[in-house]
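Examining the three-dimensional arrangement
Each chain is listed here by its residues.
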Amino acid sequence: MVILGIDPGLATMGYGVIEAERGNFSVVDYGVVTTPKDLTLPQRLVRIEEGVRALIEKFRPQNVAVEELFFSKNITNGIMVAEARGVILLTANKLVGDEVFEYTPNQIKQAITGYGGADKMQMQLMVQALLRLKKVPRPDDAADALAVALCHGQTSRLATEFRVR
């Protein structure tokens, strides 16, 4: 099964594509979709939509997993990221159907490290180990997206609990 994991963002949206087969995971691709700050918000949202559409058309994932938002400091930035996340969910649902899932940061950490309070470095090292990579994936947004995809791969037998409704 091909899984597309997405770490939502307005300036930088991370993506990770993995192949999951009987508990074994391998990387297909990972990277980021970026939007220039000089564009208007609607133009940036269009870029996000185009990026998600291109990824889904290229990799044909059976499932898309998206990280839920957590923000506590900058509410303005959080709202713009939430708008980008809405575009991501809309586009994924239109192209993949009901096979779109959401995970909280703590659920992702728990699935990857066994500890919901793991720090960024612990997460990155576990992503590297689980995917048998020579080095930690960069940039951080792409590593985070791979973690989202891995989380779904490891918990997909419980998928109905995390399906976007």
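Residues numbered from 1 in each chain as written. Predicted model: local features only at pLDDT ≥ 70, side-chain atom pairs only at ≥ 80, totals over all residues. Heavy atoms only, no water.

Right, let's talk about the sheet that holds strand S3 (residues 24–34) for a bit. The strand order S3-S2-S1-S4-S5 describes an open sheet built from five strands, whose pairing is mixed. Of all the strands in the sheet, just S3 and strand S5 (100–103) have a single pairing partner and so form its edges. Ignoring strand direction, the axes of neighbouring strands in this sheet form an average angle of 20°. Relative to strand S4 (residues 63–67), strand S1 (residues 2–7) runs parallel, the two sharing four bridges. When the sheet's bridge partners are listed, isoleucine 3 is paired in S4 with asparagine 63. Where helix H2 (residues 75–96) meets the sheet, it contacts S1, strand S2 (12–21), S4 and S5, and its direction lies at approximately 170° from that of S4. (Pairing = 2+ DSSP bridges. Helix = DSSP H or I, 4+ residues; strand = E, 2+ residues; numbered from the N terminus. Axes fitted to C-alpha atoms, helices over the stretch in contact; angles between N-to-C directions. Contact = heavy atoms within 4.5 Å.)

As a further point, take the pattern of salt bridges. Applying the stated criterion across every chain, the model contains five salt bridges. A salt bridge links aspartate 140 to arginine 138, with the nearest nitrogen and oxygen atoms 2.8 Å apart. For arginine 138, a relative accessible area of 47% puts it in the partly exposed group. One network of salt bridges, with partners in common, ties together Glu49, Arg53 and Glu57. (Salt bridge = Lys/Arg side-chain N within 4 Å of Asp/Glu carboxyl O. Buried < 20%, exposed > 50% of the residue type's maximum accessible area, 1.4 Å probe, protein only.)

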